Amino acid sequence: MRSLLPDRGRTRPATAPVALKLLVAGGFGAGKTTLVGAVSEIRPLRTEELLTEAGRPVDDTSGVEGKRTTTVAMDFGRITLRDDLVLYLFGTPGQDRFWFLWDELARGALGAVVLADTRRLQDCFAAVDYFERRGIPFTLAVNCFDGAERYPEEDVRDALDLDPGVPVILCDAREKESVKGVLVSVVQQRFAALAQQAG
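Small disclaimer: the values here were computed from a predicted structure and weren't measured. (Residues numbered from 1 in each chain as written. Predicted model: local features only at pLDDT ≥ 70, side-chain atom pairs only at ≥ 80, totals over all residues. Heavy atoms only, no water.)

### Regarding the state of the cysteines
Piece 1. Here the structure, examined in full by the defined rule, presents zero disulfides.
Piece 2. Free of any disulfide, cysteine 144 has its nearest neighbouring cysteine sulfur in cysteine 171, separated by 6.5 Å.
Piece 3. When its relative accessible area of 3% is taken as the criterion, cysteine 171 is described as buried. (Disulfide = S-S within 2.5 Å. Buried < 20%, exposed > 50% of the residue type's maximum accessible area, 1.4 Å probe, protein only.)

Given below as structure tokens:
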């Protein structure tokens, strides 16, 4: 009679996947919420509110005049890159008045994406500075908006005075495969840094 128990010689115990926490930061209107939503395999958590007339003096919408909502706490999504590797994505709010949340969101993060809009490149200086000061590896992803001028990677690197080891990638925050390429860059950068420390 055939046993109803599984053949222990053929099965391997399943191992829990490694889970990594990554931040998605950048200026107001750079596309952070769009990026998290484009790649998340779960319904993303969003904390968006409508922009109001009262906020007009503090929310500079020049260059992003069509923007109607803003993140007031965070975005959250998840993507499985491999069977053994899951990324949890935490999108930060872009306006200065919500920066007090960044320290809490950054706790335990192994890396970050700084999303840049070349129409408002100065808006990502704060995020670049934040991760550099805390030693959190990041990839700068230039979100290629329709109609925005394209610049070579070196021009963007020079404009932001980035260290040579910071990857700069052109991406479309609406496209899943494009966003996955950015996330893979962050993970590779982090693993390379860990290998260097171990060596």
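There is more to say, and it comes next.
### Observations regarding the pattern of salt bridges
Piece 1. Tallied over the full model, the rule gives twelve salt bridges.
Piece 2. A salt bridge links aspartate 84 to arginine 82; the shortest N-O distance between them is 2.8 Å.
Piece 3. Judged by relative accessible area, aspartate 84 falls into the partly exposed class, the value being 38%.
Piece 4. Classification of arginine 82 by relative accessible area gives partly exposed; the value is 46%.
Piece 5. Each of Asp146, Asp172 and Arg174 takes part in salt bridges that share partners, so that together they form one network. (Salt bridge = Lys/Arg side-chain N within 4 Å of Asp/Glu carboxyl O.)

### Comments concerning the packing of aromatic side chains
Piece 1. In this structure the tally under the stated criterion is four aromatic pairs.
Piece 2. Aromatic side chains phenylalanine 76 and tyrosine 88 sit 6.0 Å apart centroid to centroid with 15° between the ring planes, which places their arrangement in the stacked category. Here phenylalanine 76, found in strand 3 (residues 69-82), pairs with tyrosine 88, found in strand 4 (residues 85-91); they are twelve residues apart in sequence, far enough to count as distant.
Piece 3. Owing to a relative accessible area of 19%, phenylalanine 76 belongs among the buried residues under this scheme.
Piece 4. On the basis of relative accessibility, which here comes to 29%, the residue tyrosine 88 falls in the partly exposed class.
Piece 5. For the ring pair phenylalanine 131 and phenylalanine 138, a centre distance of 6.2 Å and an interplane angle of 35° mean the geometry is tilted.
Piece 6. Members of the aromatic cluster, joined through ring pairs, are Phe76, Tyr88 and Phe90.
Piece 7. Above the ring of phenylalanine 90, the side-chain terminus of lysine 21 is found at 4.7 Å from the ring centroid.
Piece 8. In this structure, arginine 119 is placed above the aromatic ring of phenylalanine 145, and the distance from its NZ or CZ to the ring centre is 4.2 Å. (Phe/Tyr/Trp six-rings, centres within 6.5 Å; stacked < 30°, edge-to-face > 60°. Helix = DSSP H or I, 4+ residues; strand = E, 2+ residues; numbered from the N terminus. Lys NZ or Arg CZ within 6 Å of the ring centre and 35° of its normal.)

### Here we look at the nonpolar core
Proteins that are soluble and globular tend to have nonpolar side chains buried together.
Piece 1. By size, the foremost hydrophobic cluster in this structure holds 26 residues, and its most contacted members are Leu23, Val114, Phe131, Phe138, Leu140 and Leu162.
Piece 2. For this core, the leading source of residues is helix 3 (residues 125-134), giving four residues.
Piece 3. Apart from residues no more than four positions distant in its own chain, leucine 162 is found in contact with Val128, Phe138, Leu140, Arg157 and Val168.
Piece 4. In this structure, Leu35, Leu85, Val113 and Ala173 belong to the second largest nonpolar core, which totals 21 residues. (Core = buried A, V, L, I, M, F, W, Y, C linked by side-chain atoms within 4.5 Å. Contact = heavy atoms within 4.5 Å.)

### Some points on the side chain of asparagine 143
Piece 1. On the secondary structure map, asparagine 143 appears in strand 6 (residues 138-143).
Piece 2. Reaching out from asparagine 143, the side chain makes a polar contact with the backbone oxygen of alanine 30 at a distance of 2.9 Å.
Piece 3. Beyond its immediate stretch of four places on either side in the chain, asparagine 143 contacts Ala30, Gly31, Leu115, Ala116, Cys171, Asp172 and Ala173. (Polar contact = N/O pair within 3.5 Å; in protein donor to acceptor, adjacent residues only side chain to side chain.)

Honestly, it's all geometry; don't read function into it.
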